[in-house]
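# Secondary and tertiary structure notes
Each chain, written out:
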Amino acid sequence: MINTDNFFQFPSPAKLNLFLHVVGQRKDGYHELETLFQFLNYSDTIEIAVTDSSDIELLTPIDGVNNEDNLIIKAAHILQHKAQQETNSSIKLLGAKIRIKKILPLGGGLGGGSSNAATVLVALNHLWQCHFSKDQLAELGLQLGADVPIFIHGIASFAQGVGEKLTASTPAESWYLVTKPNINISTANVFSDPDLPRNSKKIISSDFNKLYCDNELFDDEKYHNDCQTTVIKNYDEVANLLAWLIEYAPSRMTGTGACIFSRFSSKEEAYDLQKKLPTGIESFVAQGLNKSPFISVIKNLDIN
């Protein structure tokens with residue numbers, strides 16, 4: 001999609017970790033994970049205009065985040081650097097003006113920053129006509145965050161390693177009420193907590209088919225979120241909200257929180273519970289998607 005002011009528009013969707021197991025810790029300090037990613041039809045919107053200057057400008061700064069620390073800017077610069085390495089270094093680089101309409105909550109575990117970075121990498125790869133493959137972009141994205149590759153590939157997946165080993169999966173595309181108490185949680189603090197469970201049993205290949213069964217996914221003895229154990233110990237706001245939600249629907253924290261998703265078979269059921277939420281709880285209703293809405297936009301992109 002192109003706007004009249006020469007900005008191309010792209011969705012930057014949220015994700016859910018339908019479960020998140022910490023199965024070990026490497027010598028370099030990174031954690032070995034097993035998780036099932038699914039997208040939501042709920043997105044930030046990123047608009048990009050290509051410029052002849054090599055400058056990267058973010059026209060809509062995000063409160064509390066310096067522009068140069070924003071993954072949007074970092075993603076654009078890392079792609080520029082890769083393009084210059086792969087071509088003649090004397091070739092003039094293109095730049096971009098970027099705007100973002102931010103609706104995904106910060107510090108919620110929905111992968112907003114990683115999604116923004118992935119959207120910028122894939123979009124600029126097309127707009128600048130760099131012609132890098134998805135695997136090459138995913139390798140670049142992994143330098144920015146463990147969740148970035150899943151957004152680049154855009155397919156619901158079972159992920160292993162630090163999040164880079166992906167196996168396509170097709171969990172039920174349920175409806176979810178996503179809620180967030182008025183707190184932000186640091187991913188680094190969660191993974192550095194000495195009490196974080198780090199020895200969940202690994203899922204073997206023959207168990208992959210079980211991931212397709214919706215009820216299996218919400219059997220806490222088989223699938224769970226190890227980070228949730230640590231977060232509810234340290235954040236009463238999350239613990240109290242989760243306890244309240246579980247009385248109405250299967251509910252679990254996504255990522256390192258603070259967002260919680262509650263599963264429903266219809267959007268009407270999700271909206272009904274949303275009306276009952278305690279005051280002060282941020283929320284939205286969305287459907288799980290096994291294919292990112294970003295994919296179809298890129299396929300239909302006309303840059304001529």
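Here's a quick rundown of the structure. The residue numbers shown here count from 1 along each chain, following its written sequence. Note on the predicted model: pLDDT of at least 70 is required for a residue's local features to be given, and 80 or more for side-chain atom pairs to be given and counted; whole-chain, interface and lining totals, by contrast, use all residues. Each side-chain value is derived from all of the structure's non-hydrogen atoms; neither hydrogens nor water enter the calculation.

## Re the environment of N6
In plain terms, the rule: Strands are runs of DSSP state E lasting at least 2 residues, helices are runs of H or I lasting at least 4, and numbering of each runs from the N terminus. The cut-offs for exposure are 20% and 50% of the maximum accessible area for each residue type, with area from a 1.4 Å probe on protein chains only; residues under the lower value are buried, those over the upper are exposed, and the others partly exposed. When checking whether two residues touch, look at their non-hydrogen atoms; a contact exists if any pair is within 4.5 Å.
Looking at the element boundaries, N6 is found in the segment before β1 (8–25). Its relative accessible area of 53% is what places N6 among the exposed residues. Along the sequence, N6 and A49 sit 43 residues apart, while their C-alpha atoms lie 5.9 Å from each other. Those residues in contact with N6 that sit more than four places away from it in its chain are I48 and A49.

## Side note on the packing of helix α1 (residues 71–86) against helix α2 (residues 112–127)
What counts is decided by this rule: The angle between two axes is taken between their N-to-C directions and runs from 0 to 180 degrees, where each axis is a line fitted to C-alpha atoms and a helix contributes only its stretch in contact. Two helices that cross are described as forming a left-handed crossing if the nearer one is turned anticlockwise from the farther one by less than a right angle, and a right-handed crossing if clockwise. All amino acids are sorted into three groups, where Ala, Val, Leu, Ile, Met, Phe, Trp, Tyr, Cys and Pro are nonpolar, Asp, Glu, Lys and Arg are charged, and the leftover types, Gly among them, are polar.
For the pair α1 and α2, interaxial distance at closest approach is 8 Å and the crossing angle is 35 degrees. In this structure, the crossing between α1 and α2 has a hand that is right-handed. Here L71, I72, A75, A76, I78 and L79 of α1 lie close against α2, whose contacting residues are G113, S114, N116, A117, V120, L121, L124 and N125. For the contact of α1 with α2, the residue count by class is 10 nonpolar, 4 polar and no charged.

## Notes on the side chain of H21
Put simply, the rule reads: Contacts described as polar in this section are N or O atom pairs within 3.5 Å, which, within protein, must combine one atom able to donate a hydrogen with one able to accept it, while residues neighboring in sequence count only if both atoms come from side chains.
Following the sequence through the fold, H21 ends up in strand β1. A polar atom in the side chain of H21 sits 3.1 Å from the backbone nitrogen of H224. Dropping the residues within four chain positions of it, H21 is found in contact with E32, L33, E34, S200, K201, I203, K222, Y223, H224 and D226.

## Structural notes on the nonpolar core
Keep this limit in mind: Put simply, buried Ala, Val, Leu, Ile, Met, Phe, Trp, Tyr and Cys residues joined by side-chain atoms within 4.5 Å make one nonpolar core.
Residues F10, I48, L79, I98, L121 and L124 are the most contacted members of the largest nonpolar core, which totals 42 residues. Looking at which element gives the most residues to this core, the answer is α2, with 8 residues. Other than its neighbours up to four places away in sequence, I98 contacts I46, E47, I48, I56, E57, L58, L59, T60 and I72. The next biggest cluster of nonpolar side chains, apart from the first, holds 25 residues, and it includes C227, L242, A249 and A258.

## Some points on the pattern of salt bridges
Selection rule: Just to be clear on terms, a salt bridge is a Lys or Arg side-chain nitrogen sitting within 4 Å of an Asp or Glu carboxyl oxygen.
Under the defined criterion, the tally for this structure stands at 9 salt bridges. A salt bridge links E47 to R99; its shortest N-O distance comes to 2.6 Å. Within this pair, whereas E47 is found in strand β2 (residues 31–51), its partner R99 is found in strand β4 (residues 95–101), the two being separated by 52 residues in sequence. Overall, the relative accessible area of 15% leaves E47 in the buried class. Accessibility expressed as a relative area gives 23% for R99, which makes it partly exposed. Measuring nitrogen to oxygen at the nearest pair gives 2.8 Å for the salt bridge that ties D220 to R252. Placement of D220 in the loop between α6 (214–217) and α7 (226–234) and of R252 in strand β8 (residues 251–253) is noted, with a sequence separation of 32 residues between them. Connected through shared salt-bridge partners, D193, D195 and K233 make up one network.

## A short note on unusual backbone geometry
Between G257 and the following residue, A258, the backbone shows a cis peptide bond with an omega angle of 15 degrees. Inspection of the secondary structure puts A258 in the loop between β8 and β9 (260–264). Residues other than glycine seldom take positive phi values, yet Q129 does so here, at roughly 55 degrees. Mapped onto the elements, Q129 comes out in the loop between α2 and α3 (134–142). Q129 sits in the partly exposed class, given a relative accessible area of 47%. Of note in the backbone geometry, H131 takes a positive phi value of approximately 65 degrees without being a glycine. Structurally, the position occupied by H131 is in the loop between α2 and α3.

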